[in-house]
Amino acid sequence: MPSPTQRVLARVPARLRPLLLRHRRLVKFLVVGGGCFVLTAVIDVGLKFTVLEHKPVVALTVATVIATVVSYALNRRWAFRTDGCGREALLFFLVSAVAIGVNDVPLALSRYALDLREPYVDPLTQEFADFLSGMVVGTFVAMLFRFWAVRRWVFTGPAERARPGYAAPEMPRDVS
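Residues numbered from 1 in each chain as written. Predicted model: local features only at pLDDT ≥ 70, side-chain atom pairs only at ≥ 80, totals over all residues. Heavy atoms only, no water.

Participant: Would you mind going over the pattern of salt bridges in detail, with residue names and values included?
Facilitator: Enumeration over the complete set of coordinates arrives at 4 salt bridges. Linking Glu127 and Lys48 is a salt bridge whose minimum nitrogen-to-oxygen distance equals 2.6 Å. Residue Glu127 is located in helix α6 (residues 123–154), and its partner Lys48 is located in helix α3 (residues 24–48); the two are separated by 79 residues in the primary sequence. In this structure Glu127 comes out as partly exposed when scored by relative accessible area, which is 23%. Classification of Lys48 as buried rests on a relative accessible area of 8%. A salt bridge links Lys48 to Asp130; its shortest N-O distance comes to 2.9 Å. With a gap of 82 residues between them, Lys48 in helix α3 and Asp130 in helix α6 connect regions that are remote in the sequence. In this structure Asp130 comes out as buried when scored by relative accessible area, which is 4%. One network of salt bridges, in which partners are shared, links Lys48, Arg111, Glu127 and Asp130. (Salt bridge = Lys/Arg side-chain N within 4 Å of Asp/Glu carboxyl O. Helix = DSSP H or I, 4+ residues; strand = E, 2+ residues; numbered from the N terminus. Buried < 20%, exposed > 50% of the residue type's maximum accessible area, 1.4 Å probe, protein only.)

Participant: Can you lay out α3 for me, pointing to particular residues and giving the numbers?
Facilitator: Here α3 contains 25 residues, and its C-alpha end-to-end distance of 35 Å stays within 8% of the 36 Å for a straight helix at 1.5 Å per residue. Residues of α3 that are buried include every one of Arg24, Arg25, Lys28, Phe29, Val32, Cys36, Thr40, Ala41, Ile43, Asp44, Leu47 and Lys48, and no others. Buried positions along α3 lie against α1 (4–11), α2 (17–22), α4 (56–79) and α6. (Expected span 1.5 Å × (residues − 1). Contact = heavy atoms within 4.5 Å.)

Participant: Account for empty space enclosed by the protein, with residues named and values stated.
Facilitator: The full count for this structure, using the stated rule, is 2 cavities of 30 Å³ or more. Reported here for the second largest cavity is a volume of approximately 30 Å³. What lines the second largest cavity is Asp44, Lys48, Leu60, Leu107, Asp130, Phe131, Gly134 and Met135. When contributions to the lining of the second largest cavity are tallied by element, the ones reaching two or more residues are α3 and α6. Counting residues per element, the lining of the second largest cavity draws most heavily on α6, which supplies 4 residues. Counted by class, the lining of the second largest cavity contains 4 nonpolar, 1 polar and 3 charged residues. (1 Å grid on protein atoms, 1.4 Å probe; cavity = no way out; pocket = protein on both sides within 12 Å on 5 of 7 lines; lining within 4 Å. Points joined across faces, edges and corners; volume = space filled by probe spheres on them. Nonpolar A, V, L, I, M, F, W, Y, C, P; charged D, E, K, R; others polar.)

Here it is, written out as structure tokens:
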């Protein structure tokens, strides 16, 4: 039975398939990141409009920490396919702690240095500035840092190695 990855790749146009296969680790990392981006946004909005109404940076930090735990599990099992060890988890969460700080900086600058908050701007402008600075700019910069650092220091084993019976091998390059 083909893996979900193989089923998706079978639907991709043949001319794009070699590119995706050549960069499969990056593609998987981006898929995990996209899912965690949505998770972060949902949690962030939920917290900002309820229990952390006047603490947007804390809300973003909490949402990012939760998504980071999910990201670790998915990246370890699927994108980088490693067995995991205590050292790997410690390094991942150290890298992620730095990335969470990187993610929070644009929001803090927007809110407190540029004063893009009430009463200086209307509520819609505040929320737009928060989303753009925290979720878009912050997440993008943190993602670049995280991918580089995770590949360099955390998931350093070969991505193609899979445990027997654990997951189907990647799709061969000649599948049409």
